Every structure is written in structure tokens, then in C-alpha cells.
Amino acid sequence: MLNTSSHQSTARTILVVEDEPDLATAIAQRITANGWTARVASDGASAVRAAKQLKPDLVIMDVMLPVMDGIEATKRIIAERPVPVLMLTARDAESDKVMGLGAGADDYMTKPFSPRELIARCEALLRRVERATIIAKNMENEKVLDFGSLVIDPRQRIVTLNGEQVHLTPTEFDLLATLARKPKTVFKREKLLEEVWDWPDASGTRTVDSHVKALRHKLGSQMIRTAHGVGYAFEPPESDDDTATESETR
Ligand code: CA
């Protein structure tokens with residue numbers, strides 16, 4: 001099947017470290033077919049050099065390698081620059097898995113594996129890292145969002161409306177906070193799905209709609225504006241002077 005996804009994330013570079021040429025080629029082909037760039041290194045030492053040079057987004061690392069094994073190579077690569085590592089271990093080599101994870105690998109797969117699953121694991125790993133980055137970024141400016149009658153406290157995950165606490169589900173909270181961090185900015189449904197649900201698949205946009213509906217029910221319908229055919233925007237509540245009441249038709 002052709003890749004028809006329009007939400008394809010930015011180009012990725014994956015470093016494949018595998019000393020079996022056939023397997024390395026097969027993995028690299030899969031990666032390329034997925035729209036990413038693959039580079040192959042066939043021993044641990046050249047993997048360390050390649051990682052330094054390429055600054056890959058992800059490393060697929062075999063454990064059993066000539067010159068320097070995958071465990072040592074992983075340690076050195078991560079010490080230089082943090083990068084997610086998916087380790088390939090020999091069948092049933094439990095100690096490899098333990099050592100691999102100890103060395104800083106994020107995930108592992110046991111040989112033989114399905115190439116399709118390998119790609120799925122890579123995607124999941126990249127998403128996890130992206131998400132962690134977003135969360136970390138948000139945490140930095142994790143200040144209280146004060147819109148007068150509506151106050152959102154991201155650190156305590158508390159929302160108050162006219163001084164009364166509003167009980168939101170975790171997802172509702174995340175959705176509201178995401179929108180409210182950029183008031184009056186229209187977020188596409190797909191974007192919200194990605195940021196709040198970590199689900200970059202347009203098939204789930206109805207999920208966004210139903211959560212918006214729930215939020216409007218709890219906070220009043222004015223708070224979240226519909227940009228027809230596009231998505232939603234947070235509209236800060238009107239100030240108390242009541243002069244700027246815009247009538248909205250929907
Ligand atoms: Ca090997």
C-alpha cells in the first residue's frame with residue numbers, strides 16, 4: 001500500500017547498526033519505504049562515529065557486533081548526545097535485553113522480528129520522545145493561565161470558573177490547556193489529536209469533537225470557538241464590563 005499519510009512528520013534519520021549485510025539492507029529498505037533516511041554501520045566503533053556525524057533521530061542497534069559490541073556502542077553514543085535506541089537482541093538472550101536497557105536503550109526486539117513491527121516500534125519510540133519534549137517544554141513555562149473568571153493551573157491541574165472548581169477529566173484538561181496556552185489561535189483537529197492524544201491519525205478527529213462538546217458543557221459554549229471545517233480556538237472569557245458582547249451564530 002502506498003503511504004498516503006498527509007501528517008507525515010518531518011524527515012527522520014535512522015542509524016542502523018547491524019553486521020549481517022542482508023539484514024541491514026532489509027531494515028534500511030523498510031526505513032526508506034517509510035519515508036525516512038537510513039544509514040548503516042556494521043560495527044560498534046563506526047556506529048559511534050556515524051552517530052556523532054549524522055546526529056540521527058533514532059538508532060537501531062544490534063547487540064552482537066564486531067570491534068565494539070552494541071551495549072558499549074550505545075553507552076558511548078548516548079553519552080555524547082541523547083538519542084532513542086532500539087536494540088536488536090539474539091533470541092532468548094535475556095541478559096542482552098537487561099544489559100541493553102541498562103546501557104540506555106529505550107526498547108528492544110528479539111530476532112527474528114517482523115520488519116513491520118520494527119517500523120511500528122520505531123514510530124512509537126519517536127512519538128514518545130517527541131511527546132516528552134513537548135511536555136518538558138510546557139513544563140518550563142508552566143505558569144497559571146489566568147483569564148479572570150477562568151483560571152487554569154497546569155501544575156496542579158485545577159480549573160476554576162468564577163471561583164468554583166470545575167471537574168475535568170485528564171483529557172479534557174489537556175485539551176483545554178493546549179488551546180488556552182495560545183488563546184484565539186485556531187488548532188486543527190489533527191493537531192489537537194497529535195498534541196493531546198498522541199494520535200496523529202485523522203481518523204480520530206471525532207474524538208476531538210466529542211471532548212470539545214464535553215468542555216463546552218462544563219465551561220459554557222463561548223469558551224471554545226469552532227473554526228468551521230478547520231478546528232477550534234480558545235476564546236478567553238469576556239471581561240466584567242460586559243460591553244464587548246459579540247453575538248455568535250452557530
Ligand atoms: Ca550481529
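Look above for the structure.
The structure contained in this document is the topic of the report that follows. From a predicted model like this one, the values you see are computed outputs, not experimental measurements.

### Some words on the coordination of the calcium ion
Here comes step 1: Listed as protein donors to the calcium ion are D19 (OD), D62 (OD) and M64 (O); their distances from the metal cover 2.1 to 2.3 Å.
Here comes step 2: Read in sequence order, the donor residues for the calcium ion give the motif D-x42-D-x1-M. Of this pair, D19 sits in the loop between β1 (13-17) and α1 (21-33) while D62 sits in strand β3 (residues 58-62), placing them 43 residues apart in sequence.

### Section: the nonpolar core
The nonpolar side chains of a soluble globular protein tend to be buried, and buried together.
Here comes step 1: If you look at the biggest cluster of nonpolar residues, it comprises 27 residues, and the most contacted ones within it are L150, I152, V159 and L219.
Here comes step 2: Those elements that place two or more of their residues in this core are β6 (145-147), β7 (150-153), β8 (158-161), α6 (170-180), α7 (189-197), α8 (205-219) and β12 (231-234).
Here comes step 3: The biggest single contributor to this core is α6, with six residues.
Here comes step 4: Leaving out residues up to four positions away in the same chain, I152 has contacts with V144, L145, F147, I158, V159, F173, L176 and A180.
Here comes step 5: One finds V59, V63, M87 and A105 within the second-largest nonpolar core, a separate group that totals 21 residues.

### Notes on the sheet that holds β6
Here comes step 1: Read across the open sheet, the four strands follow the order β6-β7-β8-β9; overall the sheet is antiparallel. The open sheet has two edge strands, β6 and β9 (164-166), and neither has a second partner. Strand-to-strand twist in this sheet, taken as the mean axis angle between neighbours without regard to direction, amounts to 20°.
Here comes step 2: Note: β8 against β9, three bridges, orientation antiparallel. Bridge pairing links L161 to E164 in β9.
Here comes step 3: Strand contacts of α8: β7, β8 and β9, with the helix running at about 50° to β8, the strand carrying the most contacts.

### A look at the packing of aromatic side chains
Here comes step 1: Tallying each qualifying case throughout the model produces one aromatic pair.
Here comes step 2: Here the aromatic rings of F147 and F234 are separated by 4.8 Å at their centres, their planes lie at 55°, and the arrangement is tilted. You can see F147 sitting in strand β6 and its partner F234 sitting in strand β12, a full 87 residues away along the chain.
Here comes step 3: Exposure remark for F147: the relative accessible area of 17% places this residue in the buried category.
Here comes step 4: By relative accessible area, F234 is classed as buried at 0%.

### Side note on the side chain of R12
Here comes step 1: By secondary structure assignment, the location of R12 is in the segment before β1.
Here comes step 2: Since its relative accessible area comes to 10%, R12 is described here as buried.
Here comes step 3: In contact with R12, not counting residues within four places along its chain, are W36, T37, D57, L126 and E130.

### Some details on α7
Here comes step 1: Buried residues of α7: R189, L192, L193, V196 and W197, and no others. The arc that holds every buried residue of α7, seen down its axis, measures 100°, which confines them to one face.
Here comes step 2: Following α7 by one or two positions, D198 adopts a phi angle in the positive range, close to 55°.

### As for the pattern of salt bridges
Here comes step 1: Enumeration according to the criterion identifies 13 salt bridges in this entry.
Here comes step 2: With its nearest N and O atoms 2.9 Å apart, the salt bridge here joins D174 to R157. With a gap of 17 residues between them, D174 in helix α6 and R157 in the loop between β7 and β8 connect regions that are remote in the sequence.
Here comes step 3: For R157, a relative accessible area of 40% puts it in the partly exposed group.
Here comes step 4: Here R189 makes a salt bridge to D209, at a shortest N to O gap of 2.7 Å. Separated by 20 residues along the polypeptide, R189 in helix α7 and D209 in helix α8 bring together distant segments of the chain.

### A word on the packing of helix α2 (residues 44-54) against helix α3 (residues 70-80)
Here comes step 1: It is at 9 Å that the axes of α2 and α3 come closest, and there the two elements cross at 15°. Comparing the axis directions of α2 and α3 gives the class roughly parallel. Crossing handedness for the pair α2 and α3: right-handed. For the pair α2 and α3, contact is made by G44, A47, V48, A51 and K52 and by A73, R76, I77 and E80, respectively.
Here comes step 2: Partitioned by chemical class, the residues of the contact of α2 with α3 number five nonpolar, one polar and three charged.

How each quantity is defined
- Residues numbered from 1 in each chain as written.
- Predicted model: local features only at pLDDT ≥ 70, side-chain atom pairs only at ≥ 80, totals over all residues.
- Heavy atoms only, no water.
- Donors = N, O, S within 2.8 Å, 3.2 Å for Na, K, Ca; no water.
- Helix = DSSP H or I, 4+ residues; strand = E, 2+ residues; numbered from the N terminus.
- Core = buried A, V, L, I, M, F, W, Y, C linked by side-chain atoms within 4.5 Å.
- Buried < 20%, exposed > 50% of the residue type's maximum accessible area, 1.4 Å probe, protein only.
- Contact = heavy atoms within 4.5 Å.
- Pairing = 2+ DSSP bridges.
- Axes fitted to C-alpha atoms, helices over the stretch in contact; angles between N-to-C directions.
- Phe/Tyr/Trp six-rings, centres within 6.5 Å; stacked < 30°, edge-to-face > 60°.
- Arc of directions from axis to C-beta.
- Salt bridge = Lys/Arg side-chain N within 4 Å of Asp/Glu carboxyl O.
- Parallel < 35°, antiparallel > 145°, perpendicular 65-115°, else oblique.
- Left-handed = near helix turned anticlockwise from the far one by under 90°.
- Nonpolar A, V, L, I, M, F, W, Y, C, P; charged D, E, K, R; others polar.

Geometry only, nothing functional implied.
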